[in-house]
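Remarks on the overall topology
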Amino acid sequence: MLFAPEALTPTLASARRVLKQYYGYDQFRPMQEDIIQSILDGRDTVVLMPTGGGKSVCFQVPAIVQEGLCVVVSPLIALMKDQVEALRANGVAAAYINSSVGQSEQNSIAGDSLNGHLKLLYVSPEKLLSQGFLQFLQRLRVSMFAIDEAHCISSWGHDFRPEYTQLRLLRDQFPQVPIIALTATADRLTQRDIQTHLRLHEPRVFLSSFDRPNLNLIVRPGQDRVTSIIDFVERRPAEPGIVYCLSRKQCETLAQKLKAKGIRAGHYHAGMTPLQRGNVQEAFLQDDLQVIVATIAFGMGIDKSNVRWVIHYNLPKNIEGYYQEIGRAGRDGAPATAVLYYSFADVASLREMITKDVDPRLAQLSVTKLERMQQFAEAATCRRKILLNYFSETLAEDCGNCDICRNPPTTFDGTLLAQKALSAVVRTRERVSITLLIDVLRGMRNQAVLSGGYDQIKTYGAGGDLSYLDWYSYIHQMLNDGLLYIAYEEGYALKITDRGQQVLKGQLTVPMKKFQITEKAEKVTRASKKAAAASAPSDSATALFERLRVLRKRIADEQNVPPYVIFTDTTLQEMAAEKPVTRVGMLAISGVGMKKFETYGEAFIKEILAHGGRPNPDDAEEADQDELPVVPSSRKREAGDTHEATWQLHRQGLTVENIAQRRSLSVSTIRAHIETLFAKGFQIRLEEFLTMDEYAEIQTARGKLGGEPLLRDLYDHLREKYDYFKLRLAITYEKRLRGQLA
Ligand code: ADP
Ligand code: ZN
C-alpha cells in the first residue's frame, strides 16, 4: 500500500514527511507551506505563482495526506498526462480522464475511485461537466477540487475557455468541498474573475513573486534572425529549447533550416494532425528532438523541466503571453535564456490582426496590451523591472541578468540626430514609414526612394554615417519620447508631434541611448562567473553527469516516459557531484523519493560505481573490438591538430555535444571531425551515432538505388529519416568492412 493516512487531521508535519518520502525534497519552498496549511484548514485558496514556482506540490501533497480523492481540473490533455506520469513515478496513485481515454479504461478508473484507491484524478473541464460525471463524483469522497490554469476562466485573459465558466456548478453541487484555484497569471482582473466565477468563499489568496531570476532576458533586433538563431543553437548543442513563431508556415520553414544545419529540430502547430503533434511533442519530451519550432499552440501543457531556452521569433501579443512562454524555460531553477527578436514589422502585423477583432472593447484592450509589449522590447532600462512592474511588483535593484543590465546603453546628446530625422520627416511631407525614412537618411538609391523623389530633398543622405540598425534604434527612441508618432491608418507614415517641432526649432534637447548589440549581452558577467565557479562541477562530475544522462535516457526509452520524469537534470547534477553509492546517500539527493529509489536507485548507483572504477579508457576500447571495425594499432594515423583534439576527447568518452561545448565549436564541426577520423581509420564509438539497425536500413536503401547513389538521393529515398552524418558514417563503415579503406 502506497499511502497510509497518519492521523485523522493531517498536519504540516505529515505533509513534510510526504514531501520527503514521495518527492525526495527536504523542505517546502516558502509559500508552499502556507498554502498547504490553508488547504489543510479546509479554506478556499487561490494560488498565483509563476511557472516553475512549484504549484503542483501545493495541492498534490494535501491530496496525499488527506482522506478522499482530489479532483484536478486541467485544460490540456498533454499536461494531465505529464503530471499523472510524474505522480506515478513518485509512487502516488493518480489517473486522468479526458477524450483520449477509452471507455474500458475510464470504467476501471471509476472503479479505483469508488473503492478509494486513487488520491488524485485529473479531468478535463469538458469531461467534468459532461452528462452524469458530477453525479458520479457525488458518490465519492471528494477531498477538494483543484482548478489548474484557473486564469482560463477570465474573458479578460489571453487563454479564455468558455467551458471554464461552467465550473461555478461545483460550488452549487459540492458546497462543502474546498476549491483551490491555481494560475501563473496574476493580473488584477483575472484574479477577481477567478474568485467570483468560482464563487470562492473568503478565499485565502497567495501571490508569490513573479520574479524568475534564473531567466536571462534578451531582446535582439529582428534582422537576420535565422542566422542568429542557428548560431545560438549551435553554441548550445545539448540544450533543449523552443522557438515560438507567429505563423505555421514560419514554423515549418525555420525547422527545415535548422534541420539542414544538422540540428535535431521539429515543428508543431495547430494545422497538424493530433497524431503528428503528439509525436513531435513526445520526441521533444524524450530529448530525441533538441528544438521545437512552434506556434503558441505548443507548450501550455509542457511540463518539461529542463528546457534551457525559449526564443520568440516574433513579438508576442502581450506581456502575459510572453511571460508565460518564457516561463517554460528553466523550470528546474537552473540558468536559462529567453531571447526575443523584435521588429517593427511584427508590431504592424499584430496590430492589423488585433484590430480585425470584431468586439471593439476587446480590440482596444488588445492594442493597449500590445503597446506595453512593444515598450518592453524597446526599453532602455532593466527588463525584469519592467516585467515585474507589469505584474504590480517592484524590484528594488536592477536585476543584473538581462541584456540591458549586462550591457547598459550609454547616454549622449542626440539633439542633432533627432533634428536630422525630424527634418527628413517634414521634407518627405510626413508620408514615409520608418524603413523608407531610414533609407532616405542613409542616402539609399532604391525604387521607393527614387519614385518618391526623395533623393532630391535636403536631408537626403544626411545620416549616411550610421547603420540601419542604429537609425532604427534612434527613431524608436524618438517615438517613445513622443517626438514622432505613427499614423497606422496612413500606411504607417511617420508624423511629427508638437514636441518634435520644438526639437526641430532647437527649443528642446534630446538625450539618446546607444546600444551595443554584441554577444556580450549574452556572455556570463564576471560576477555571475565568480558565483558559478564556486559551484562549478569538476571534470569528473561533468563526465559522470553525461553517463547518468545516457542511463536515464535508456531507461526512459525502455519505459516510454520522458527522461525528466525519472530524474530532473538538477537531481542528476547533484548525483554527479555527490556520487552517492549507498541507500542513505542516494535518498539524500534532492528529487530522490522512496519510490524512485526503489525503481532506479540500483541502476544509478551501479553507474556511479562504474564511473569511479573506470580510470583507463583503453580498457573500453578493448571491449569494443568485437562489434566495431578495428584499426591495426601499427597503422599510422594522420589527422590535423583540431581532429586530434576531438579524437582525444572522444576517446575519453565525451559525447559530440560535450566536445563541441568544451572546444567552443559547433556540433556539426565535431561531427565532421568524427567522420574524417572514422574514414581515416581511427576507432570511434560508432554505436553512439549509428545503430546496426540503422546501418542495415541505409544499406538496403543503397542497394535499392544501386551503384554509388548521391547522398542527396539516399537522403530523399529514406524520407529524410537519417541525416547526412549518419549516411556518411554508414557508407564509410561499409567501405571499412570491405577493407577498402584500411
Ligand atoms: P508549476 O506547476 O508552478 O509550474 P511545478 O509544480 O511543476 O511548478 O514545480 C517546478 C519544479 O520545482 C518541479 O521540478 C518540482 O518538482 C520542483 N519543486 C517543487 N516544490 C519543490 C520543493 N519544495 N523543493 C524542491 N523542488 C521543488
Ligand atoms: Zn535587468
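A few points on the structure. Values in this document were obtained by computation on a predicted structure and should not be read as measured data.

**Digging into helix α20 (residues 434-441)**
Most of α20 sits inside the fold, with seven of its eight residues counted as buried. Along α20, the positions that sit buried rather than exposed are Ile434, Leu436, Leu437, Ile438, Asp439, Val440 and Leu441. In the core, the buried residues of α20 are packed alongside α15 (344-355), α19 (415-427), α21 (447-451), α22 (468-480), β15 (484-487) and β16 (493-496). Two residues or fewer after α20 comes Gly443, characterised by a positive phi angle close to 70°.

**Some details on the site of ligand 1**
As a matter of local geometry, ligand 1 sits amid 14 residues, with Tyr25, Gln27, Gly52, Ser56 and Arg331 nearest to it. Here an oxygen atom of ligand 1 and a side-chain polar atom of Tyr25 are 2.6 Å apart. For the shell around ligand 1, the leading source of residues is helix α3 (residues 55-65), giving three residues. Its residues placed into classes, the shell around ligand 1 shows four nonpolar, seven polar and three charged.

**Quick look at empty space enclosed by the protein**
Taken as a whole and judged by the stated rule, the model has two cavities of 30 Å³ or more. Here the largest cavity is characterised by a volume of approximately 120 Å³. Taken together, Val233, Glu234, Pro237, Lys261, Gly262, Ile263, Arg264, Gln290, Glu657, Val667, Ser668 and Arg671 form the lining of the largest cavity. At the level of secondary structure, the elements contributing two or more residues to the lining of the largest cavity comprise α11 (225-234) and α33 (667-679). Ranked by the residues each element gives to the lining of the largest cavity, the list is headed by α33, at three residues. When residues are assigned to domains, the lining of the largest cavity turns out to be shared by domain 2 (215-359) and domain 4 (547-737), each giving three or more. The volume enclosed by the second largest cavity comes to roughly 90 Å³.

**Remarks on the packing of aromatic side chains**
Pairs of aromatic rings are described using the distance from one ring centre to the other and the angle between the two planes. Following the criterion strictly, the structure yields 13 aromatic pairs and no others. A ring pair is formed by Phe412 and Tyr474, whose centres lie 5.7 Å apart and whose planes are at 75°; its orientation type is edge-to-face. One end of the pair, Phe412, is in strand β14 (residues 410-413); the other, Tyr474, is in helix α22, with 62 residues separating them in the sequence. Relative to Phe604, the ring of Phe567 lies with its centre 5.1 Å away and its plane at 85°, an arrangement referred to as edge-to-face. Of this pair, Phe567 sits in the loop between α26 (563-566) and α27 (569-578) while Phe604 sits in helix α29 (residues 594-612), placing them 37 residues apart in sequence. The burial state of Phe567 is the same as that of Phe604; both residues are buried. These aromatic residues form a ring-pair network of at least three members: Phe412, Trp471 and Tyr474. Between the NZ or CZ atom of Arg225 and the centre of the ring of Tyr313, over which it lies, the distance is 5.0 Å. Sitting over the face of the ring of Phe232, Arg236 holds its NZ or CZ atom 3.7 Å from the ring centroid.

**Some points on the coordination of the zinc ion (ligand 2)**
Taken together, the protein ligands of the zinc ion (ligand 2) are Cys382 (SG), Cys399 (SG), Cys402 (SG) and Cys405 (SG), with distances of 2.3 to 2.4 Å. Taken together, the four donor atoms surrounding the zinc ion (ligand 2) define angles of 101 to 121° at the centre, an arrangement classified as tetrahedral. Each donor residue of the zinc ion (ligand 2) lies on the same chain, and together they follow the pattern C-x16-C-x2-C-x2-C. Note on Cys402: relative accessible area 0%, which makes it buried.

**Digging into the pattern of salt bridges**
Applying the stated criterion across every chain, the model contains 32 salt bridges. Arg141 serves as the salt-bridge partner of Glu67, at 3.4 Å between the closest nitrogen and oxygen. In this pair, Glu67 sits in the loop between α3 and β2 (69-73) while Arg141 sits in the loop between α7 (133-138) and β5 (142-147), placing the two residues 74 residues apart along the sequence. By relative accessible area, Glu67 is classed as partly exposed at 38%.

**Let's talk about the sheet that holds strand β12 (residues 309-312)**
In spatial order, the strands read β8-β13-β12-β9-β11-β10; together these six strands make up an open sheet with parallel pairing. Each of the sheet's edge strands pairs with one partner strand only, and the pair in question is β8 (215-221) and β10 (265-268). Geometrically, the sheet is characterised by an average inter-axis angle of 15° between neighbouring strands, direction not taken into account. Inspection of the sheet shows β12 paired to strand β13 (residues 336-342) by four bridges, in the parallel sense. Along β13, the bridge assignment pairs Ile311 with Val339.

**Overview of the packing of helix α34 (residues 692-705) against helix α36 (residues 724-737)**
Relative orientation of the contacting elements α34 and α36 amounts to 85°, with a least axis distance of 10 Å. As far as their axial angle goes, α36 and α34 are roughly perpendicular. Between α34 and α36, the residues in contact are Met692, Glu694, Tyr695, Ile698, Gln699 and Arg702 and Lys726, Leu727, Ala730, Ile731, Tyr733, Glu734 and Leu737, respectively.

**Examining the environment of Leu494**
Note that Leu494 resides in strand β16. By relative accessible area, which is 0% here, Leu494 ends up buried. Sequence separation of Leu494 and Glu430 is 64 residues, and the distance between their C-alpha atoms is 5.7 Å.

**Let's talk about the side chain of Asn401**
Looking at the element boundaries, Asn401 is found in the loop between α17 (383-390) and α18 (403-406). Ignoring sequence-local partners within four residues, the contact set of Asn401 consists of Pro213, Asn214, Leu215, Asn216, Leu217, Arg384 and Arg406.

**Focus on the pairing of β10**
Where β10 and strand β11 (residues 291-294) come together, four bridges link them in parallel fashion. Across the sheet, Tyr268 pairs through a bridge with Ala294, a residue of β11.

**As for helix α10 (residues 188-197)**
Within the sequence span of α10, burial applies to Thr190, Gln191, Asp193 and Ile194. Buried residues of α10, seen end-on, are gathered within an arc of 165° and therefore sit on one face of the element. Tucked into the core, α10 has its buried residues touching β1 (45-48), β6 (179-183) and β7 (204-207). In the stretch just after α10, Arg199 is the one whose phi turns positive, near 50°.

Conventions we followed
- Residues numbered from 1 in each chain as written.
- Chains lettered and ligands numbered in written order.
- Predicted model: local features only at pLDDT ≥ 70, side-chain atom pairs only at ≥ 80, totals over all residues.
- Heavy atoms only, no water.
- Buried < 20%, exposed > 50% of the residue type's maximum accessible area, 1.4 Å probe, protein only.
- Helix = DSSP H or I, 4+ residues; strand = E, 2+ residues; numbered from the N terminus.
- Contact = heavy atoms within 4.5 Å.
- Near = heavy atom within 4 Å.
- Polar contact = N/O pair within 3.5 Å; in protein donor to acceptor, adjacent residues only side chain to side chain.
- Nonpolar A, V, L, I, M, F, W, Y, C, P; charged D, E, K, R; others polar.
- 1 Å grid on protein atoms, 1.4 Å probe; cavity = no way out; pocket = protein on both sides within 12 Å on 5 of 7 lines; lining within 4 Å.
- Points joined across faces, edges and corners; volume = space filled by probe spheres on them.
- Domains from an automatic or database assignment.
- Phe/Tyr/Trp six-rings, centres within 6.5 Å; stacked < 30°, edge-to-face > 60°.
- Lys NZ or Arg CZ within 6 Å of the ring centre and 35° of its normal.
- Donors = N, O, S within 2.8 Å, 3.2 Å for Na, K, Ca; no water.
- Tetrahedral: all angles 85-135°; square planar, octahedral: opposite > 155°, others 65-115°.
- Salt bridge = Lys/Arg side-chain N within 4 Å of Asp/Glu carboxyl O.
- Pairing = 2+ DSSP bridges.
- Axes fitted to C-alpha atoms, helices over the stretch in contact; angles between N-to-C directions.
- Parallel < 35°, antiparallel > 145°, perpendicular 65-115°, else oblique.
- Arc of directions from axis to C-beta.

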